[in-house]
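Coordinate analysis (summary)
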Amino acid sequence: METNTNQENASLDIPVIDLSNQDEELVARAVVKASEEWGIFQVVNHGIPPELIRRLQEVGKKFFELPEAEKEAVSKPKDSMDTEGYRTMYQKDLEGRDAWVDHLFHRIWPPSRVTYRFWPKNPREYIEVNEEYASHLKKLSEKIMEWLSEGLGLRREALKEGLGGEMVEYLMKINYYPPCIDPDLVVGAPDHTDVNGITLLVANEALGLQAFKDDLWIDAKCNPSGIIVIIGDQILRMSNGKYKSVQHRATRDKEKTRISWPVFVESSLDHVFGPLPELISGEDSAPKFKPYVYKDFKFRKLKKLSLD
Ligand code: OGA
Ligand code: NI
């Protein structure tokens, strides 16, 4: 059966989970259910101060509004094999449309993996705001992974440990999508699943992120101080298929510039990950995926090579 991937459904929304609810059991169950059924959800009242999120957006926007020559101070070096730095990227999506975005990548955690060379010096508060955001975001992502581990019937630390424990890396990305007169010809980010463990994303007021569910593209609406959680390939594989890595894409707005700030929580490149051993030890629990060194996994996915 052919699926019409351009069909949209405006009446459905991704799940919204209020983390301030005193009943932690209930919150944990909602996170587990959303990760099984959707692979994407929004968390609100998550403990990260709305003012900090507002400042994160302000300093990022100011950076992208600088003249091109100033942004090039943090350009990704041409010969670099790493992702860090600022650049403009063109791609084709599956239907042959142009996908175009300016973006900036830099790691924000752990401190041993932070290279300030790729952090904007202008505006001046950029560094302070991003460091504060990193420490809050780490707590939030670890909390979510604890609930997801318990949802697998495992110890709370299981998924964090499977991803690399204290060596887990937090990679900040800022996507800057200028308006586009014909959004049918130019997309923002082509249809994909995230290669990492989980992604925590904030965005400005322009709509654009869409998730694929039951053969339809659903707008992932986000409250200004809410955070979108996206389950990536590493959690899908570590959970032996219980949690979904959601297919998603970003469209362009006709009038507004859209900016998003996903943070990718991922293994370090040399870490080996795969279905958690506790999940594949029983008789009727065959592993659905092979273990991979994260570097090889990322490379194969980027080159669209087969993955077992
Ligand atoms: C990404 C991504 C979506 C967005 O960068 O991986 O999915 O809303 N971005 O910008
Ligand atoms: Ni993505």
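As shown above, the structure is provided for reference.
Reference entry: report on the structure contained in this document. Remember, it's a predicted structure, so these values are computed and weren't measured experimentally.

Following the criterion strictly, the structure yields 10 aromatic pairs and no others. With centroids separated by 6.4 Å and ring planes inclined at 40°, the aromatic side chains of Phe-105 and Phe-264 adopt a geometry described as tilted. Linking Phe-105 in strand β4 (residues 98-109) with Phe-264 in strand β13 (residues 258-266), this pair joins segments that are 159 residues apart in sequence. In terms of burial, Phe-105 and Phe-264 fall into one category: buried. Plain terms: the ring middles of Phe-273 and Phe-297 are 5.2 Å apart, the flat faces sit at 85° to each other, and that makes the pair edge-to-face. Here Phe-297 lies in helix α7 (residues 294-302) and Phe-273 lies in strand β14 (residues 272-273), a separation of 24 residues in the sequence. Among the aromatic residues, ring-to-ring pairing joins Phe-63, Phe-64, Tyr-86 and Tyr-176 into one connected group. Over the ring of Trp-38 we find Lys-213, and its NZ or CZ is 4.8 Å from the ring centre. The ring of Trp-217 has Arg-249 sitting right over it, with the charged end atom 4.1 Å from the ring centre.

Definitions and cut-offs
- Residues numbered from 1 in each chain as written.
- Chains lettered and ligands numbered in written order.
- Predicted model: local features only at pLDDT ≥ 70, side-chain atom pairs only at ≥ 80, totals over all residues.
- Heavy atoms only, no water.
- Phe/Tyr/Trp six-rings, centres within 6.5 Å; stacked < 30°, edge-to-face > 60°.
- Helix = DSSP H or I, 4+ residues; strand = E, 2+ residues; numbered from the N terminus.
- Buried < 20%, exposed > 50% of the residue type's maximum accessible area, 1.4 Å probe, protein only.
- Lys NZ or Arg CZ within 6 Å of the ring centre and 35° of its normal.

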